[in-house]
Amino acid sequence: MAVVTLNGLTKRYDRAHPAAAEDVDLEVADGEFMVLLGPSGCGKTTTLRMIAGLESITSGTLSIDGRVVNDVPARDRDIAMVFQSYALYPHMSVRDNMAFGLRRRQMPRAEIEQRVRDAAEILGLSTLMDRKPHALSGGQRQRVALGRAIVRDPKVFLFDEPLSNLDAALRVSTRSEIAALHRRLQATMIYVTHDQVEAMTLGSRICIMNAGRIAQVGRPMDVYRMPADTFVAGFLGNPPMNLIPATVTDAPGGRELRFGPNRVEVPAARTAPLEAGSAVTLGLRPEHLAPALDASDSAALWGEVVTVEPLGAETLVRVHLPEIADPVIVRAPGESEVAIGDRIGIRLDPSAAHVFHADGHSMTAAHHQARRG
Amino acid sequence: MRVATQSIVMAILCAYTMFAAGPFVWAAMLSLRTTSEIHLDHFALPDPMHWDKYPDAWFNSNYSIYFMNSLQVVVGAVILVTLIGAMAAHCLARYRFRLNRIIYFVLFSTIIFPPQVTIISLFQILVGYGLYNSKLGLMLVYVAIQLPLTVYILESFFARIPADLFDAARMDGYSDWAIFWRVALPVAMPAVTTTVILNFILLWNEFLFAVVLITDEANRTLPLGIQRFIGDTQEDIGMIATGLMIAIIPVIVVYAFFSEKLIQGMTAGAVK
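Residues numbered from 1 in each chain as written. Chains lettered and ligands numbered in written order. Predicted model: local features only at pLDDT ≥ 70, side-chain atom pairs only at ≥ 80, totals over all residues.

1. Side note on the nonpolar core
Our working definition: For this analysis, nonpolar core means a set of buried Ala, Val, Leu, Ile, Met, Phe, Trp, Tyr and Cys residues linked through C-beta atoms within 7 Å. Burial is judged by counting other C-beta atoms within 10 Å of a residue's own C-beta: 20 or more means buried, 12 or fewer means exposed, and anything between counts as partly exposed, with every C-beta placed from the backbone. For every domain, the bounds stem from an assignment made automatically or drawn from a database.
Residues A:V35, A:L158, A:I190, A:I208 and B:L154 are the most contacted members of the largest nonpolar core, which totals 147 residues. Shared between two domains, this core takes at least three residues from each, and those domains are domain 1 (4-234) and domain 2 (235-372) of chain A. Core analysis: the next-biggest nonpolar cluster, separate from the first, contains 13 residues, B:L30, B:Y63, B:I246 and B:A247 among them.

2. Brief notes about the interface of chain B and chain A
Our working definition: A pair of residues counts as a contact when their C-beta atoms, built from backbone coordinates, are separated by no more than 7 Å. Counting from the N terminus, the helices are the DSSP runs of H or I reaching at least four residues and the strands are the DSSP runs of E reaching at least two. Residue type decides the class: Asp, Glu, Lys and Arg count as charged, Ala, Val, Leu, Ile, Met, Phe, Trp, Tyr, Cys and Pro as nonpolar, and the leftover types, Gly among them, as polar.
Counting from both sides, the interface comprises 13 residues of chain B and, opposite them, 17 residues of chain A. Mapped onto the side of chain B that touches chain A, the elements with two or more residues apiece are α8 (163-171) and α9 (176-187) of chain B. If you tally residues by element for the side of chain B that touches chain A, the top one is α8(B), at six residues. In the side of chain B that touches chain A, the residues fall into eight nonpolar, one polar and four charged.

3. Quick look at helix α10 (residues 189-204) of chain B
To keep it simple, the criterion reads: Under the convention used throughout, the expected extent of a helix is 1.5 Å for every residue step, that is, one less than its residue count.
Its 16 residues place the ends of α10(B) 22 Å apart at the C-alpha level, agreeing with the 22 Å of an ideal helix rising 1.5 Å per residue. Considered for burial, the residues of α10(B) that qualify are B:A191, B:V192, B:T193, B:T194, B:T195, B:V196, B:I197, B:N199, B:F200, B:L203 and B:W204.

4. A few points about the packing of α8(B) against α9(B)
All names here are of chain B. What counts here: Helix axes are fitted to C-alpha atoms over the stretch in contact, other axes to C-alpha atoms as well, and angles between N-to-C directions run from 0 to 180 degrees. What sets the label is the angle itself: under 35 degrees gives roughly parallel, over 145 gives roughly antiparallel, 65 to 115 gives roughly perpendicular, and the rest give oblique. Crossing handedness follows the turn of the near helix against the far one: under a right angle anticlockwise gives a left-handed crossing, and clockwise gives a right-handed one.
One way to put it is that α8 packs onto α9 with a least axis distance of 10 Å and a crossing angle of 150°. With respect to α9, the element α8 is oriented roughly antiparallel. As for how α8 packs across α9, the hand of that crossing is right-handed. Here L165, F166, A169 and R170 of α8 lie close against α9, whose contacting residues are I179, V183 and V187. Split into classes, the residues belonging to the contact of α8 with α9 amount to six nonpolar, no polar and one charged.

5. Describing helix α1 (residues 44-52) of chain A
All names here are of chain A. Burial of α1 is extensive: nine of the nine residues sit out of reach of the surface. Along α1, the positions that sit buried rather than exposed are K44, T45, T46, T47, L48, R49, M50, I51 and A52. Looking one or two residues past α1, G53 carries a phi angle of roughly 95°, positive in sign.

6. Details of the sheet that holds strand β11 (residues 242-251) of chain A
Residues and elements named next belong to chain A. The test is simple: Only when DSSP finds a minimum of two bridges between them are two strands counted as paired.
Across the sheet, which stays open at both edges, the five strands sit in the order β13-β12-β11-β14-β20 with antiparallel pairing between neighbours. The open sheet has two edge strands with one neighbour each: β13 (262-266) and β20 (354-356). Here the strands of the sheet are splayed against their neighbours by 40° on average, with no regard to which way each runs. Pairing of β11 with strand β12 (residues 254-259), which is carried by five bridges, proceeds in the antiparallel orientation. Looking across to β12, one finds that T247 is bridged to R258.

7. A few points about the domain arrangement of chain A
All names here are of chain A. The domains assigned to chain A are domain 1 (4-234) and domain 2 (235-372). Using only C-alpha atoms to locate each centre, domain 1 and domain 2 end up separated by 37 Å. Counting residues at the interface gives 14 residues for domain 1, matched by 17 residues for domain 2. Of all the secondary-structure elements, those providing two or more residues to the side of domain 1 that touches domain 2 are α7 (220-225) and α8 (230-235). Residues that form the side of domain 1 that touches domain 2 fall into these classes: ten nonpolar, three polar and one charged.

If you want it as structure tokens, here you go:
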């Protein structure tokens, strides 16, 4: 088990292109399950590969348990990695795949066998030990890849999108296995994914990356409730947060955000640093909006339904608001009888609204931090 | 309808088999007949069968020496070209370095030169290094002429091995050298086998370089030995056929032993 510290970690392949990862500062605590989350090309895998020692570090320092390991080869970092493609050696049996790393360390044969046997039992692979990878299913292959990491008993486990090649059902069960594994081993784990469900369910903390930089680090629900900027707000959540360009105006009771003919009252403190007329982005989570079908309802917003997606337990309704380009997504109850073309009202809770500065940073999060501080 | 289709396919296959195997069967029949019998009737069945021609060729016509020479030169060259070719192909496919593609292009472009263009200069180089008329010299020339094709076949195969496999081996603690031997080479075995068979067959039958670079009786390879039966005024067709059959046997053995791997290597990646 170990503490992994990234200090200004940067990877630049050539001068002509932006850095793949830039100025990444992150500390992963001993025994923590850290998830690096972000869209394709955000630098999360590059960061993971730098930690693994598979990519050289352009600048910054990487430390494991306080020891700088920038120039330590991958084989001497005592790190195990599980790959997206499983990366099992096709010419070796399951047993040999798992024992391959231990043999390099010239461990006594009896101990190798013991470790491989223990890992196989944990992962339910005991009956498959003599099979070659091509004779295994996707889920079994991924378990062998996990086993190969476990037998090493490394300081740090790295996972590079390990579930993305599995079908939906298998993904759920393997996710639970990885969570159980972390509980059992209490090891430091760093997990890369673009799947926010994996991030939310597995991570002790999540680190959201965008364009090579860290956008926000925090506990999953903290990040969900209080996104640091519009990128995080739009990325985390399914469906994502509605982001509506608006203008701050003074109102008799405090402050209002206007967008087209619509207006939403927000707590004055959230827009306090801004002058009236400033451009901001209003963020509304779909679950904080509710449809109001009755024309006499005192709903805040009114618009026309453009799509209806019944999902069983809930129905996603996209509503076009006047003079707003993107429709607003409303999470309605499953039994809602809303049809395309209906004119409906949208009720909202102003206290759940997020306000983002023109540069994208959350004023809501800043306000909360100021209050806590 | 299905029977008709199958019959047509069978007829075509039979016709092709006769076309392909006919000369071989003919040579096999000739190998059991004497030259005077052959002159009487080119296509007659061997009656009686002169099996004694084989030990005669082997012991009295130096075929045992030619055979062992061929075996030494060709097996040595195939081992060397496979090792050097595999290492070069792995390096060109796996590592990013300056001039990677240029080295690959220069290496592969040598394939366009016909052997007649290089043979005089090769002759002079071998004389200069004291390797003329030696099995080692011929072996090195064979390595050089087969290297481009070997690297070409293996490079495309090595390039298809997922990079994650090498990364996994690095994480497992292995050096680049160990990864080549313990991961890359075993995974690429179908392609390696393909090159082994191709090189073996091509070099076993190689005549042009051998006839220019070897004149010593003790160092002659099989194709040169067979040539000895072709004189200025007459040729011993019967013994040539016997020699041919002796020469063909190792090729058949190698092919029978590795043919499955050869097909795997040639079709690797074609189907999932």
